[in-house]
Amino acid sequence: MAMVLLLSGCASANTDSTHELKLPMVKPVPQSTTSKAPQTQHADDTAISTAEDSEKVILRRPAEPIRGIYVSSHVARSKRMDELIDLVDKTELNAVVVDVNSGMTLTALPKSAKSKSFTIAKTRSAGQIANLVKKLKQHRIYTIARIVTFKNPELARAVPAWSIKRKNGRTWTDKSGTPWIDPYRQEAWEYPLKIAEHAAQIGFDEIQFDYVRFPENEKKVDQEVAYANPKRWSKSDAIGKFLHRASIRLHKAGVRVSADVFGLVGSSNGDMGIGQNWATIVKEVDVISPMVYPSHYSDGIWGVKHPDLSPRPIIAHALMDISRRNEQLKAKGIDTAKVRPWLQSFSASWLRAHQSYGTKQVREQISAAAEAGYPSYLLWNSSSRYPRLNR
């Protein structure tokens, strides 16, 4: 069977509302009046994690469609951001996904594995992101903070003890030379969770965890590394437990939680070797965003000769599989996350059989998703350049 091209996270690719109805009818997540979000946890603070891990996640899905675009931290802090706000104001779009730890960081990096606190970065870029959130609120735009979770080279270099290690004890790097955080190291979870809490404090409506997974190419990687896994969890156990803790903590901070997953995860019964198991993740987060970019599927999959040239059948089949999976889970009494797919708004020029993705191709994907029962969507373009989405 043809398999999807497994590329890394959202960043792997080069990758009918009126203005007065722009803000989605999404009730804010109420902050707990009986218990405050816990202080930063460290390796010896097991009581906090035990309490959080034993709590049940009550999903708090947005009631109305969210239609958003990705905005890099660089563009978010540039003059071009005004053009993107205008795009959202004048189209069916009503949300933006903003990087808060890629290209800059909202939270200061720890000095060592023994650091006892994580503070909001006292940098110009962190202040610019905080001011941007206020501006987006003035335009009644739903705000989503994107956190690059385990593929975080800055954190891995700042705290090498938290990085994935080779069997000889040295830091492992992927084929591009990037070190990763070991998802099994619970002490390392606290940094992305603190970024999320800081994003909630400055007003973001939702926290989105990207690269919430292990590295791809499982067989090769597993031969090279020695994970820090004393509890002998499976990879999907580690990812599920991280997202569980994130949702428990961040719901208390008043925000929703979402997770990005590979597109084929919704068609697979396993975890694809990266720890992303659909049945595990959909019960731990409010929103799940499969990256169903047509360009990321191999030629011939599902009978589609060149997926990039035929976006509609790819989107339709991927979301049909997802619907089937969720129906099976709901039949077992399992509540599932809202599905909000990432759609392709970039041209995959590295493919032999590709096309230029503009308004027509993006609209075709949006239409296919809506016909499958999914009116919410996010558009990905690594340069944050999007078509006008004319009807």
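Quick note: structure is the one above.
Attention here is on the structure that accompanies the text. (Residues numbered from 1 in each chain as written. Predicted model: local features only at pLDDT ≥ 70, side-chain atom pairs only at ≥ 80, totals over all residues. Heavy atoms only, no water.)

### Some words on the nonpolar core
Thinking step 1. By size, the foremost hydrophobic cluster in this structure holds 111 residues, and its most contacted members are Ile69, Phe204, Ile207, Phe209, Leu243 and Trp278.
Thinking step 2. With eight residues, the top contributor of residues to this core is helix α6 (residues 186-201). (Core = buried A, V, L, I, M, F, W, Y, C linked by side-chain atoms within 4.5 Å. Buried < 20%, exposed > 50% of the residue type's maximum accessible area, 1.4 Å probe, protein only. Helix = DSSP H or I, 4+ residues; strand = E, 2+ residues; numbered from the N terminus.)

### Digging into helix α4 (residues 124-138)
Thinking step 1. Compared with the 21 Å implied by 1.5 Å per residue over 15 residues, the 21 Å span of α4 between its first and last C-alpha is a close match.
Thinking step 2. Buried residues of α4: Ser125, Ala126, Ile129, Ala130, Leu132, Val133 and Leu136, and no others. In an axial view of α4, the angular spread of the buried residues amounts to 155 degrees, which keeps them on one side of the axis. Residues of α4 that are exposed and point over 90 degrees away from its buried face: Arg124, Lys134 and Gln138. (Expected span 1.5 Å × (residues − 1). Arc of directions from axis to C-beta.)

### Side note on the pattern of salt bridges
If charged atoms from side chains of opposite charge come close, those side chains can pair.
Thinking step 1. If you walk through the whole model with that rule in mind, you get 22 salt bridges.
Thinking step 2. Measuring nitrogen to oxygen at the nearest pair gives 3.6 Å for the salt bridge that ties Glu197 to Lys194. Of this pair, Glu197 and Lys194 both sit in helix α6, three residues apart, which is roughly one turn of the helix.
Thinking step 3. For Lys194, a relative accessible area of 10% corresponds to the buried category.
Thinking step 4. A salt bridge links Lys235 to Asp222, with the nearest nitrogen and oxygen atoms 3.2 Å apart. Of the two residues, Lys235 sits in helix α8 (residues 235-252) while Asp222 sits in helix α7 (residues 218-224), which places them 13 residues apart along the sequence.
Thinking step 5. A cluster of three or more residues bridged by salt bridges with shared partners is formed by Glu52, Glu190, Lys194, Glu197 and Arg249. (Salt bridge = Lys/Arg side-chain N within 4 Å of Asp/Glu carboxyl O.)

### Some words on the packing of aromatic side chains
Thinking step 1. Summed over all chains, the structure comprises 14 aromatic pairs.
Thinking step 2. Relative to Tyr191, the ring of Phe118 lies with its centre 5.7 Å away and its plane at 70 degrees, an arrangement referred to as edge-to-face. Residue Phe118 is located in the loop between β2 (95-99) and α4, and its partner Tyr191 is located in helix α6; the two are separated by 73 residues in the primary sequence. The two residues Phe118 and Tyr191 agree in class, both being buried. (Phe/Tyr/Trp six-rings, centres within 6.5 Å; stacked < 30°, edge-to-face > 60°.)

### Looking at the pairing of strand β9 (residues 377-380)
Thinking step 1. Of the two faces of β9, the one carrying Tyr377 and Leu379 and the one carrying Leu378 and Trp380 are both buried.
Thinking step 2. Of the strand pairs in this sheet, strand β1 (residues 67-71) and β9 are connected by three bridges, and their pairing is parallel. Residue pairing in the sheet places Arg67 in a bridge with Tyr377 of β9.
Thinking step 3. In this structure, strand β8 (residues 342-344) lies alongside β9, joined through three bridges in parallel fashion. Residue pairing across strands places Trp342 opposite Leu378, the latter belonging to β9.
Thinking step 4. Crossover β8 to β9 through helix α11 (residues 359-371) is right-handed. (Pairing = 2+ DSSP bridges. Right-handed = clockwise from strand over helix to strand, strands pointing away.)

### As for α6
Three- or four-residue spacings in an α-helix give side chains the same orientation, since the helix completes a turn every 3.6 residues.
Thinking step 1. Helix length check: α6 (16 residues) gives 23 Å between terminal C-alpha atoms against 22 Å at 1.5 Å per residue, within 8%.
Thinking step 2. Burial runs high along α6: 14 of the 16 residues are buried.
Thinking step 3. Once α6 ends, the next one or two residues include Gly203, with phi positive near 110 degrees.

### A word on the environment of Glu92
Thinking step 1. Here Glu92 is to be found in the loop between α3 (81-89) and β2.
Thinking step 2. A relative accessible area of 6% places Glu92 in the buried class.
Thinking step 3. Taking the C-alpha atoms as reference points, Glu92 and Leu389, separated by 297 residues in sequence, lie 8.1 Å from one another.
Thinking step 4. Polar side-chain contacts of Glu92 include one of 3.0 Å to the side chain of Arg363.
Thinking step 5. One polar contact links Glu92 to Tyr377, side chain to side chain, over a distance of 2.7 Å. (Polar contact = N/O pair within 3.5 Å; in protein donor to acceptor, adjacent residues only side chain to side chain.)

### Topic: the packing of α6 against α8
Thinking step 1. The geometry of α6 relative to α8 is characterised by a closest axis approach of 11 Å and an angle of 40 degrees between their N-to-C directions. Handedness of the crossing formed by α6 with α8: right-handed. Residues Gln186, Trp189, Glu190, Pro192, Leu193, Ala196 and Glu197 of α6 lie in contact with α8, whose contacting residues are Ala238, Lys241, Phe242, Arg245, Ala246, Arg249 and Leu250.
Thinking step 2. For the contact of α6 with α8, the class distribution of residues is eight nonpolar, one polar and five charged. (Axes fitted to C-alpha atoms, helices over the stretch in contact; angles between N-to-C directions. Left-handed = near helix turned anticlockwise from the far one by under 90°. Contact = heavy atoms within 4.5 Å. Nonpolar A, V, L, I, M, F, W, Y, C, P; charged D, E, K, R; others polar.)

### Some points on the packing of helix α10 (residues 311-331) against α11
Describing two packed helices takes the angle between their axes plus the distance from one axis to the other.
Thinking step 1. Their axes nearest at 9 Å, the elements α10 and α11 cross at an angle of 30 degrees. In terms of their interaxial angle, α10 and α11 are classed as roughly parallel. In terms of crossing hand, the pair formed by α10 and α11 is right-handed. Where α10 approaches α11, its residues Pro311, Arg312, Ile315 and Leu319 are matched on the opposing element by Glu364, Gln365, Ser367, Ala368, Ala369 and Glu371. (Parallel < 35°, antiparallel > 145°, perpendicular 65-115°, else oblique.)

### Section: the pairing of strand β6 (residues 287-291)
Thinking step 1. Of all five residues in β6, five are buried, a share of seventy percent or more.
Thinking step 2. Of the two faces of β6, the one carrying Val287, Ser289 and Met291 and the one carrying Ile288 and Pro290 are both buried.
Thinking step 3. The pairing of strand β5 (residues 256-262) with β6 spans five bridges and is classified as parallel. Each residue of the ladder has a partner; that of Asp260, found in β6, is Ser289.
Thinking step 4. For β6 and strand β7 (residues 338-339), the ladder comprises two bridges, and the chain directions are parallel. Directly across from Ile288, in β7, lies its bridge partner Val339.

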